[in-house]
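Remarks on the overall topology
Given next are the chains, with one letter for each unit.
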Amino acid sequence: MKSSRPPSLVILTGAGVSVESGIPQFRNRHGLWTHVDYRALATPEGFAHNPARVLDFYNERRRAMGRAHPNAAHHALARLEADFKGDFLLVTQNIDDLHEAAGSRKLVHMHGELASALCEACGGRCRWPRDMTVNSVCPACGATGRMRPDVVWFGEVPYHMDLIQARLASATLFVAIGTSGNVYPAAQFVNDARRAGARTIELNLEPSLSSDDFSEALYGPATELVPAFVDRLLAGD
Ligand code: BV8
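This text gives an overview of the structure that appears in the document. Note that the structure is predicted; figures quoted are calculated from it, not measured.

On to the pattern of salt bridges, then. Following the criterion strictly, the structure yields 11 salt bridges and no others. Between Arg232 and Asp237 there is a salt bridge whose closest N-O contact spans 2.6 Å. Salt bridges sharing common partners tie together Glu60, Arg63, Arg67 and Asp131.

Below you can see the structure in the form of structure tokens.
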């Protein structure tokens, strides 16, 4: 059913879109949260309890990100942004920089970015390509030992929610790629888009926890599914 509204596309990506670039997902037998308790490493309480351990966890992931390259799925999404006729927003739950590396610009990181640092003393943010320690100094205010990764931990408010909700309310098409539907509020976006009358499609390796909420689904590896899906979308399917 073609919508009478101008085309407005919202895409949500999760860890699955970066797996084929060598960045592990969270919830499978090799997943990040399978081997460590996310409460110890991805909550403000875990950071307060053992900041050095949390900073090392993110230092390791930042180094791995530096060795990773965007894959065919990232590149296809950048091509879709360039050629799509209508409003386009790519919302990623990922904190890696592979969408930017592929050329995506109409992009928001709702869970923050590994490449960014936040000072708890002055609230300043800055690019942070190197390791962070409990002795790191804020380049804005000079405070020592107050730097943290600029990521959204469990129990913290995701970034860009006003923009995301506004775009979901006017979406004609919502596509989720490589996300398990475990984490809120991202797992809820499909229902927000459907209530707005959008067509909803899930592209994933296997059905997610929210697969019943989508009107259509394609299953397989993102590097195979996404380029072909983008071709079809740009051809008017
Ligand atoms: C919030 C950043 C209020 C850091 C992450 C009790 C107390 C407090 C909160 C809660 C609570 N109970 C529930 C909540 C809400 C909570 C939540 O959802 N908890 C879960 C555990 C139930 N959420 C929050 O706390 C959020 N904040 O609610 O604030 C609020 C809400 C709305 C408005 C205002 C205020 C904050 C959540 C953010 C936490 N931060 N990450 C970091 O990365 O270290 S979450 C983490 O999970 C990552 O961001 C990750 O992206 C995200 C989601 O996971 P996925 O991306 O889906 O990854 P996953 O491994 O699960 O799945 C990968 C999928 O890919 C799989 O389906 C797999 O099949 C597929 N796949 C694999 N390979 C491929 C593939 N697909 C295609 N191709 C392949 N090759």
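Applying the stated rule across the entire model yields 1 cavity of 30 Å³ or more. Reported here for the largest cavity is a volume of approximately 60 Å³. Looking at the largest cavity, it is lined by 16 residues, and the ones nearest its centre are Leu12, Thr179, Ala186, Ala187 and Ser210. Those elements giving two or more residues to the lining of the largest cavity turn out to be strand S7 (173-177) and helix H8 (189-195).

Attention now goes to the packing of helix H5 (residues 72-83) against helix H9 (residues 222-234). Closest axis-to-axis distance for the H5/H9 pair is 8 Å, and the angle between their directions is 15°. Of the possible angle classes, the one that applies to H5 and H9 is roughly parallel. Where H5 crosses over H9, the handedness of that crossing is left-handed. Of the residues in H9, those in contact with Ala72, Ala73, Ala76, Leu77, Arg79, Leu80 and Asp83 of H5 are Ala222, Thr223, Val226, Pro227, Val230, Asp231, Leu233 and Leu234. Grouping the constituent residues of the contact of H5 with H9 by class yields 11 nonpolar, 1 polar and 3 charged.

Thresholds applied
Residues numbered from 1 in each chain as written. Predicted model: local features only at pLDDT ≥ 70, side-chain atom pairs only at ≥ 80, totals over all residues. Heavy atoms only, no water. Salt bridge = Lys/Arg side-chain N within 4 Å of Asp/Glu carboxyl O. 1 Å grid on protein atoms, 1.4 Å probe; cavity = no way out; pocket = protein on both sides within 12 Å on 5 of 7 lines; lining within 4 Å. Points joined across faces, edges and corners; volume = space filled by probe spheres on them. Helix = DSSP H or I, 4+ residues; strand = E, 2+ residues; numbered from the N terminus. Axes fitted to C-alpha atoms, helices over the stretch in contact; angles between N-to-C directions. Parallel < 35°, antiparallel > 145°, perpendicular 65-115°, else oblique. Left-handed = near helix turned anticlockwise from the far one by under 90°. Contact = heavy atoms within 4.5 Å. Nonpolar A, V, L, I, M, F, W, Y, C, P; charged D, E, K, R; others polar.

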